[in-house]
Amino acid sequence: QVQLVESGGGLVQPGGSLRLSCAASGNIYSVYAMGWYRRSPGKQRELVAVITNDGNSNYGDSVKGRFTIASDNAKNTVYLQMNRLKPEDTAVYYCNLDGPGYDDDYWGQGTQVTVSS
């Protein structure tokens, strides 16, 4: 049993910033990567950013240069610093933990990010 709890979402004006956090707890044996995905109505789930347990990161093209992912492996926590937010960033953001085995992905409940004037 693994639980992921996101926090930090909310309403922000265009050009503003938010910082999301995701803390994993429970029966965690090992972690390959943690990351963030997002989904808005009418769109497929989209990669935002992922970071592996050795510190390598990857970003979706739409957020490169604006978002930064970081992790604290000792706390099983991942962060997403979102800067220069755009209305197109409005979505539910989901935290993901990717284990080393087959079909061992875990998801948080999602946190709403709304970018609007």
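Residues numbered from 1 in each chain as written. Predicted model: local features only at pLDDT ≥ 70, side-chain atom pairs only at ≥ 80, totals over all residues. Heavy atoms only, no water.

**Side note on the sheet that holds strand 1 (residues 2–7)**
- The strand order across the open sheet formed by four strands is 1-3-8-7, and the pairing between neighbours is antiparallel. The strands lining the two open edges of the sheet, one partner per strand, are strand 1 and strand 7 (67–72). Neighbouring strand axes in the sheet, compared pairwise and without regard to direction, differ in orientation by 15° on average.
- Relative to strand 8 (residues 77–82), strand 7 runs antiparallel, the two being bridged by six bridges. Across the sheet, residue Thr 68 finds its bridge partner in strand 8, namely Gln 81. (Pairing = 2+ DSSP bridges. Helix = DSSP H or I, 4+ residues; strand = E, 2+ residues; numbered from the N terminus. Axes fitted to C-alpha atoms, helices over the stretch in contact; angles between N-to-C directions.)

**Considering the state of the cysteines**
- Across all of its chains, the model carries one disulfide by this definition.
- Paired by a disulfide, Cys 22 and Cys 95 hold their sulfur atoms 2.0 Å apart. For the disulfide bridge between Cys 22 and Cys 95, the dihedral angle about the S-S bond is near -85°, and by the sign convention the bridge is left-handed. Remark: Cys 95 occurs in strand 9 (residues 91–98) and Cys 22 occurs in strand 3 (residues 18–26); sequence separation between them is 73 residues. (Disulfide = S-S within 2.5 Å.)

**Overview of unusual backbone geometry**
- If you check the backbone angles, Asn 76 has positive phi at about 50° while not being a glycine.
- Relative to the helices and strands, Asn 76 resides in the loop between strand 7 and strand 8.
- Residue classification places Asn 76 among the partly exposed positions, given a relative accessible area of 25%.
- A positive phi is found at Asp 103, a non-glycine position, where the angle reads about 55°. (Buried < 20%, exposed > 50% of the residue type's maximum accessible area, 1.4 Å probe, protein only.)

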